[in-house]
Amino acid sequence: MRIGEYNRQDVIANVDIPLSDTIKTKITAAQLTRDGYVDSINVAESYGEQDDQLIRAALQWTPTDNFEALFTLQSSRRDANLQANVLFDAVDDAGFGRNLPGTYQQIGLPFTDENYAFGMREEYKSGAIYQGPGEILDSDQLIMDLSWDITDSLTLRSITNKRELLRGSMTDTDGTEWAAFDWWYADEQEDQSQEFQLLGTHDRFNWVVGYFSNEEDRTSMVRFWQGVELEGFCGGNPVALPPFLCPNLNNQLEQEIREDTAFFAEVTIDLTDKLSLTVGARTSEEDYRTINYLPDEVITADATQTPSFNFNGTPRATPEGPADYSASFDATTPRVALQYQFTDDIMGYVSYSEGFNGGGVNNRFEPQLPNNGVIPFESEVLENYEIGVRSDLANGRLRLNATYFQGDWSDIQIGQVLVISTTTTTNAGKAEIEGLEIEGAFYASDNFAINFGLGMLDTVYTDVGNANPAILQPGLNFPFAPENTYNIGLQWNGSTDNGGGLMGRLDYGWIDDHETFLDARFRASVAGKAYGLLSGRLQYTTPDQDWSVALYGTNLTEEYYRMGGFNAILAGTDQGFVGRPREVGVQFQLNFD
């Protein structure tokens, strides 16, 4: 059990129940709740609350020495209010786009930085007034993992996964009491995958061949409200606004059906006692279909209305026929790796691999775009080169691992805002990525240890391909890809006179300045600042380990940091999701035999 600030109350229970010598079960149940931390200045609501429930049941059946079955059922629920979004900038001087803040000021509504851009001043506040469901999740998943040792050197494995999912999310992009730019997204999804693996060993050979298939059927709705308060000012008095600034209520309903299949094989050959070679390949095929519907349920001007989960509609008709489109993609991607064991404690490797991400079809109906916005995009392929070392040094007191990687993307997929309120996925030409990762741990004594990690990353778009050159330019780096990150952890273990256990731990992680937006026109105003997070823990465990109590703290230095968000600069808003402030609490754990 964990309790803390913001009325945090987490209860987690694990129960192991052996039913027989061959059947074992484990049940986990969790209830995680805490209040929000971004306060509305207009209504009694604090956004960013947590209200999650989880139940997981696992059954392991081992009827014979050569067969094992593991069944896992997991059910997850979430029912929370709006995410902890704050407005960082009311952009009223972009020079293009809808410029909602400036337009609202023109009709006498003070949509300004001073009144609503609380992120600019590092305040946990919002002007939103929404008090309905904000984050909804209802997910059920069943996994069946079967393993049969046919012989001592041959194993057949089957992994079956089935999931049903319903989720919804409301976003107040403008951070005001007005419906200047509000979103509701919801989807229902069913997917099922099946994988077969045949694994074998013979002399110096270890190999696996397999088949994978996945079927996914997802129906999603998107509703947004823009400039609702501008009704009555379009072409009339006292202020005459141009048509593109009039209220925009958009109601979309889309279905995506995807079928993926793949065959794969990989073999590792021990060329010598120290040198091994791995060669593999995967052949993938993806069939994609998208259908756009005219929703049965009509959107109203009230952005605070109860969110809808009505996924009924009629296939939308266009001059070209029904809005029903299909596409197929395929690729064969290889992998080659060479590994050398220099000593019992030092291993090095080099590898080359390719990754494939299938294409698709943009299915957001948008008459301002070619083909009503239903635009296909191609697959992307990543060629990745890697060299690394894994080592245990100083008689096991120092573990040090390092990896250098370099990748080349072809037809990299990017999202572009070609018209206001619609993100269209297209293919840029090429991009490159290069980086170094170092991680390790130093056990200074039996009581004290240090773990650490360092990441350096360099990304760049080298060819814009089909992208809009005003949005993407060669030489730009990736958004949300900081050049430098590091982390360090310190842990001390001790004991009391009666044999109880003591533990103290500090963890610090730091992330560099980074871009948060792809569009070159807006990068100066939406960059993410560098920040570091410090957490700590002090724990006591009884000699018989029947119970323990711990004092914990997160974000101890009270950093105000942005974790993401939606940068609707064309509409005049830059809002982001801010992380939780400092929180301190106590955790209790009881163990029963």
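Preceding this paragraph is the structure being described.
Residues numbered from 1 in each chain as written. Predicted model: local features only at pLDDT ≥ 70, side-chain atom pairs only at ≥ 80, totals over all residues. Heavy atoms only, no water.

1. A word on a nonpolar patch on the surface
Thinking step 1. On the surface, Leu271, Leu338, Val350, Ile387 and Tyr404 cluster together to form a nonpolar patch covering roughly 390 Å² of accessible area.
Thinking step 2. You can see Tyr404 is positioned in strand 24 (residues 398–410). (Patch = residues over 30% accessible without salt bridge, like charges linked within 9 Å, V, L, I, M, F, W, Y side chains within 5 Å. Areas by Shrake-Rupley, 256 points an atom, 1.4 Å probe, with all protein chains shown as cover. Salt bridge = Lys/Arg side-chain N within 4 Å of Asp/Glu carboxyl O. Helix = DSSP H or I, 4+ residues; strand = E, 2+ residues; numbered from the N terminus.)

2. Looking at the pairing of strand 13 (residues 205–226)
Thinking step 1. In this structure, strand 12 (residues 181–202) lies alongside strand 13, joined through 22 bridges in antiparallel fashion. Its bridge partner being in strand 13, Ser193 is matched across the sheet by Asn214.
Thinking step 2. If you look at the hairpin formed by strand 12 and strand 13, you'll find 2 residues sitting between the two strands, and Asp203 has a positive phi there, around 55°.
Thinking step 3. Two strands pair when backbone bridges link them, and strand 13 and strand 14 (residues 248–270) are joined in this way by 22 bridges, in the antiparallel orientation. (Pairing = 2+ DSSP bridges.)

3. Digging into the sheet that holds strand 4 (residues 38–40)
Thinking step 1. Taken in spatial order, the 3 strands make up an open sheet running 5-4-9, and their pairing is mixed. A single partner strand is all that each edge strand has here, and the edge strands are strand 5 (46–47) and strand 9 (125–126).

4. Examining unusual backbone geometry
Thinking step 1. If you check the backbone angles, Gln545 has positive phi at about 60° while not being a glycine.
Thinking step 2. Its location among the elements puts Gln545 in the loop between strand 31 (531–541) and strand 32 (547–554).
Thinking step 3. With a relative accessible area of 54%, Gln545 lands in the exposed category.
Thinking step 4. In this structure, Glu558 takes a positive phi of about 55° despite not being glycine.
Thinking step 5. Residue placement: Glu558 occurs in the loop between strand 32 and strand 33 (562–568). (Buried < 20%, exposed > 50% of the residue type's maximum accessible area, 1.4 Å probe, protein only.)

Shape descriptors only; they carry no functional weight alone.
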